[in-house]
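If you want the building blocks of each chain, they are given just below.
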Amino acid sequence: MVRRGQRLRLSWGMQSLGLEREKEKKALKTPLCQSLLPLFFHCHDENRLVAQASQETLLCVAEFLKRRNLERLLKRQKLCKFSECLLAEDRSRAAEHLRRALPYLQSPQESLRAAAIRFMGMAAQHLRGKKEELRLMCSGE
């Protein structure tokens, strides 16, 4: 029979495990948010297996981050709307997203370059009238 003290210790242990998991989840949030755009670009990879794996991973990341709009689009296979939704959900990060898209312009794969160009066009529209953000983005700060 489990005594009251043992139950309390067990309960406290389970709660501390829950807190540790919450800390781990919070620690993962930033890198996972930063992975959304690269995963999106790789959904356009010429290698079908890479594209499929990227799309599956992107869905898992969207689910983990509880980005329901992104999840819905991915489940409906509407990648063309994904970048619009990503930018609309977090307008303050448009310059950051634009900066992350730049290396994809150098990709040897035309499909990745095309996806980056389309995304950059949308991101630039979100930055209209925000000269300071554009200046910081261009200077790499």
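Reference entry: report on the structure contained in this document. Values in this document were obtained by computation on a predicted structure and should not be read as measured data.

## Observations concerning the pattern of salt bridges
Part 1: According to the stated counting rule, one finds six salt bridges in the structure shown.
Part 2: For Glu63, the salt bridge identified is with Lys75, shortest N-O distance 3.9 Å. Of the two residues, Glu63 sits in helix H2 (residues 48-64) while Lys75 sits in helix H3 (residues 68-75), which places them 12 residues apart along the sequence.
Part 3: Overall, Glu63 belongs to the partly exposed group, its relative accessible area being 33%.
Part 4: Members of the salt-bridge network, linked through shared partners, are Glu63, Arg68, Glu71 and Lys75.

## Structural notes on H3
Part 1: Buried residues of H3: Leu70, Glu71, Leu73 and Leu74, and no others. Buried residues of H3 fall within an arc of 165° about the axis and therefore sit on the same side.
Part 2: Gln77 lies just past H3 and shows a positive phi near 60°.

## Quick notes on the nonpolar core
Part 1: Among the nonpolar cores identified, the biggest contains 33 residues, and Leu36, Phe41, Leu58, Phe82 and Phe119 are the most heavily contacted of them.
Part 2: Broken down by secondary-structure element, the contributors of at least two residues to this core are helix H1 (4-42), H2, H3, helix H4 (79-89), helix H5 (94-101) and helix H6 (110-126).

The rules behind the values
- Residues numbered from 1 in each chain as written.
- Predicted model: local features only at pLDDT ≥ 70, side-chain atom pairs only at ≥ 80, totals over all residues.
- Heavy atoms only, no water.
- Salt bridge = Lys/Arg side-chain N within 4 Å of Asp/Glu carboxyl O.
- Helix = DSSP H or I, 4+ residues; strand = E, 2+ residues; numbered from the N terminus.
- Buried < 20%, exposed > 50% of the residue type's maximum accessible area, 1.4 Å probe, protein only.
- Arc of directions from axis to C-beta.
- Core = buried A, V, L, I, M, F, W, Y, C linked by side-chain atoms within 4.5 Å.

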